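Coordinate analysis (summary)
Now for the letters of each chain:
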Amino acid sequence: MRDDWTVVSTDKVALKRPGEPKATYTVIGVARTADGKAVAMNTRYSDAAGTDYVMRVYDCEAAKLFTVGSGVTFEAMQVYRPDTGWGDLVEGSSATMVARVACSKIGKSLAPTRS
């Protein structure tokens, strides 16, 4: 997490996605940016692929995401080249599941997402 982000939670929250019954997503940290966006770091684990790390910024009011890090190790995630623009959250996606947790942790609700 960056110095200008305020950590609000390091509680682990495990999530199961119906479309991926053999994968487990775990939110491992949530922060708030200076301009009120949510930041979540999460892992995805499956027996077949192992663990992946992802860090995204979520705009709760606009239902958008921006990936700032991704990799098969925590270190690889930190050197990831960030996205160049914001993407839409889509209902039913793992990113939307994580966004709901992150927005809730900073005291916001996630706006309706694309179906």
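To start, this report covers the structure provided alongside it. (Residues numbered from 1 in each chain as written. Predicted model: local features only at pLDDT ≥ 70, side-chain atom pairs only at ≥ 80, totals over all residues. Heavy atoms only, no water.)

Section: the environment of Thr-113
With respect to the helices, strands and loops of the structure, Thr-113 is situated in the segment after helix 2 (94-105). In sequence terms Thr-113 and Val-90 are 23 residues apart; their C-alpha atoms lie 5.5 Å from each other. When near neighbours in sequence (up to four residues on either side) are disregarded, Thr-113 contacts Ala-63, Leu-89, Val-90, Glu-91 and Thr-96. Here the side chain of Thr-113 touches Glu-91 through a polar contact of 2.6 Å, side chain to side chain. (Helix = DSSP H or I, 4+ residues; strand = E, 2+ residues; numbered from the N terminus. Contact = heavy atoms within 4.5 Å. Polar contact = N/O pair within 3.5 Å; in protein donor to acceptor, adjacent residues only side chain to side chain.)

A look at the state of the cysteines
Overall, the coordinates contain one disulfide when judged by the stated rule. One disulfide in the model links Cys-60 with Cys-103; its S-S distance is 2.1 Å. With the S-S dihedral at roughly -100°, the linkage between Cys-60 and Cys-103 falls on the left-handed side. Of this pair, Cys-60 sits in the loop between strand 5 (50-59) and strand 6 (64-71) while Cys-103 sits in helix 2, and the two are 43 residues apart along the sequence. On the basis of relative accessible area, Cys-103 is assigned to the buried category, the value being 0%. (Disulfide = S-S within 2.5 Å. Buried < 20%, exposed > 50% of the residue type's maximum accessible area, 1.4 Å probe, protein only.)

So, unusual backbone geometry
Not every positive phi belongs to a glycine, and Ala-63 is a case in point at roughly 55°. By the secondary structure assignment, Ala-63 is in the loop between strand 5 and strand 6.

Regarding the nonpolar core
For soluble globular proteins, the rule of thumb is that nonpolar side chains tend to be buried together. In this structure, Leu-15, Tyr-58 and Leu-89 are the most contacted members of the largest nonpolar core, which totals 22 residues. In terms of residues, this core owes the most to one element, helix 2, which gives seven residues. Beyond its immediate sequence surroundings of up to four residues, Tyr-58 is in contact with Lys-37, Ala-38, Ala-40, Lys-64, Leu-65, Trp-86, Leu-89, Ala-95, Val-98, Ala-99 and Ala-102. (Core = buried A, V, L, I, M, F, W, Y, C linked by side-chain atoms within 4.5 Å.)

Here we look at the pattern of salt bridges
A complete count under the given rule lists seven salt bridges for this structure. Two residues, Lys-37 and Asp-35, come together in a salt bridge whose shortest N-O distance is 3.1 Å. The exposure class of Asp-35 is exposed, given its relative accessible area of 54%. Salt-bridge contacts for Arg-114 lead to Asp-88; the nearest nitrogen and oxygen are separated by 3.6 Å. Highlighted residues: Arg-114 in the segment after helix 2 and Asp-88 in strand 7 (residues 87-88), separated in sequence by 26 residues. In this structure Arg-114 comes out as partly exposed when scored by relative accessible area, which is 47%. One continuous salt-bridge network, built from bridges that share partners, spans Arg-17, Glu-20 and Arg-44. (Salt bridge = Lys/Arg side-chain N within 4 Å of Asp/Glu carboxyl O.)

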